[in-house]
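# A closer look at the structure
So you can see what is in the structure, the chains are spelled out below.
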Amino acid sequence: MEGMSLPEESGPVEDLPLVAPQLRALRRRASLTLEAAARAAGLSPAHLSRLETGQRQPSLPMLLGLARIYGTTVSELLGETVADRDAIVRAADMEPTAAGGWSYWQAGASGRGMQALRVHVPHGAQGDIVRVHPGEEWLYVLKGRLRLRLGDTAHVLAPGDSAHFDSLTPHRLAADGRDGTDLLFVHTLLQSPTAGLCVGPTAGVTP
């Protein structure tokens, strides 16, 4: 499955840990070539290569997309250690991470079929990124107003509103207001066999 292209000119994010070693290792663990992984993520192979060599840092939407493709979580991409599948995540243990202007807090353990995040989307951050990928997404607006575009339809969600949609529908998220938007966000993860079906044959030597 070939995703829509994402903007590739975002500069380095200084407070995001270096993810290059993890990106390459997890792609290889998923048995995906550089070209197949880039195609599924809506990136060019050259841009994904720059991410893997540390020349560029990914935004949060890029990390979410790569986590789905590799069948893992954003935390594992960042090399963070999470308690072994603990059912409870205490507020005091949630450490914020910034990526591409967004801030997020891991709200679930690794190794699950879904990834749960609490996300803050500042006004004007990542609003031009359109995402398309297999899976499902569910979000719930905690604070502020969210502009959500699904295909050709635009929606404005207020606190208490939620959305649950097929991620193959082209979608875009942006804050509608200067104070930004706070969300609960859950998305399904792709395990590598399914990812292989979605991105096509992966025969050949993995770079």
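Note that this is a predicted model, so its numbers are computed, not measured.

Spatial strand order, β1-β2-β3-β9-β4-β7: 6 strands in an open sheet with antiparallel pairing. The open sheet is flanked by β1 (97-99) and β7 (162-166), the only strands paired with a single partner. On average, each strand axis in the sheet is tilted by 25° relative to the strand beside it, whichever way the strands run. Summarising the sheet, strand β4 (residues 136-143) and strand β9 (residues 181-188) pair through 6 bridges and their orientation is antiparallel. Residue pairing across strands places Glu 137 opposite His 187, the latter belonging to β9.

Our next topic: the packing of aromatic side chains. Per the stated rule, a full pass over the model turns up 1 aromatic pair. Taking 6.2 Å as the distance between ring centres and 20° as the angle between the ring planes, the aromatic pair formed by Trp 138 and Tyr 140 counts as stacked. Its relative accessible area of 32% is what places Trp 138 among the partly exposed residues. Positioned above the aromatic ring of Trp 105, the side-chain terminus of Arg 118 is 4.2 Å from the ring centre.

Moving on, we come to the sheet that holds strand β5 (residues 146-150). Within a sheet, each strand pairs with its neighbour through backbone hydrogen bonds, oriented either parallel or antiparallel. One open sheet holds the 3 strands; their spatial order is β6-β5-β8, and the pairing between them is antiparallel. The open sheet has two edge strands with one neighbour each: β6 (153-157) and β8 (171-175). For this sheet, the mean inter-axis angle between neighbouring strands, taken without regard to orientation, is 20°. Taken together, the 5 bridges between β5 and β6 define a ladder with antiparallel strand orientation.

Now for the nonpolar core. Core analysis: the largest hydrophobic core is formed by 43 residues, its most contacted members being Leu 48, Tyr 70, Leu 77, Val 119, Leu 139, Leu 146 and Leu 148. Here the element with the most residues in this core is helix α4 (residues 60-70); it accounts for 8 residues. Setting aside its immediate chain neighbours within four residues, Leu 139 contacts Leu 146, Leu 157, Asp 161, Ser 162, Ala 163, Phe 165, Leu 173, Leu 184 and Phe 185.

For the rest of this paragraph, the subject is a nonpolar patch on the surface. Taken together, the side chains of Trp 138, Tyr 140, Leu 142 and Leu 184 make up a nonpolar region of the molecular surface, amounting to roughly 310 Å² of accessible area. Per element, the largest residue contribution to the nonpolar patch is 3 residues, and it comes from β4. Mapped onto the elements, Trp 138 comes out in strand β4.

What follows is about the confidence of the model for the protein chain. In this model, the protein chain carries an average pLDDT of 75, and 73% of its residues clear a pLDDT of 70 or more. Mean pLDDT per element in the protein chain: helix α6 (residues 192-199) is the minimum at 30, and β6 is the maximum at 96. For the stretch residues 1-17, pLDDT sits under 50, and the model shows 54 contacts to residues farther than four places along the chain or on other chains. Across residues 191-207, where pLDDT falls below 50, the model places 27 contacts with residues more than four positions away in sequence or in other chains.

Burial of the side chains of β9 is restricted to one face: Thr 181, Leu 183, Phe 185 and His 187 are buried, whereas none of Asp 182, Leu 184, Val 186 and Thr 188 on the reverse face is. Both strand β3 (residues 114-121) and β9 contribute to a ladder of 8 bridges, which runs antiparallel. Looking across to β9, one finds that His 120 is bridged to Asp 182.

What counts, and at which threshold
- Residues numbered from 1 in each chain as written.
- Predicted model: local features only at pLDDT ≥ 70, side-chain atom pairs only at ≥ 80, totals over all residues.
- Heavy atoms only, no water.
- Pairing = 2+ DSSP bridges.
- Helix = DSSP H or I, 4+ residues; strand = E, 2+ residues; numbered from the N terminus.
- Axes fitted to C-alpha atoms, helices over the stretch in contact; angles between N-to-C directions.
- Phe/Tyr/Trp six-rings, centres within 6.5 Å; stacked < 30°, edge-to-face > 60°.
- Buried < 20%, exposed > 50% of the residue type's maximum accessible area, 1.4 Å probe, protein only.
- Lys NZ or Arg CZ within 6 Å of the ring centre and 35° of its normal.
- Core = buried A, V, L, I, M, F, W, Y, C linked by side-chain atoms within 4.5 Å.
- Contact = heavy atoms within 4.5 Å.
- Patch = residues over 30% accessible without salt bridge, like charges linked within 9 Å, V, L, I, M, F, W, Y side chains within 5 Å.
- Areas by Shrake-Rupley, 256 points an atom, 1.4 Å probe, with all protein chains shown as cover.
- Salt bridge = Lys/Arg side-chain N within 4 Å of Asp/Glu carboxyl O.
- pLDDT = per-residue confidence, 0-100.

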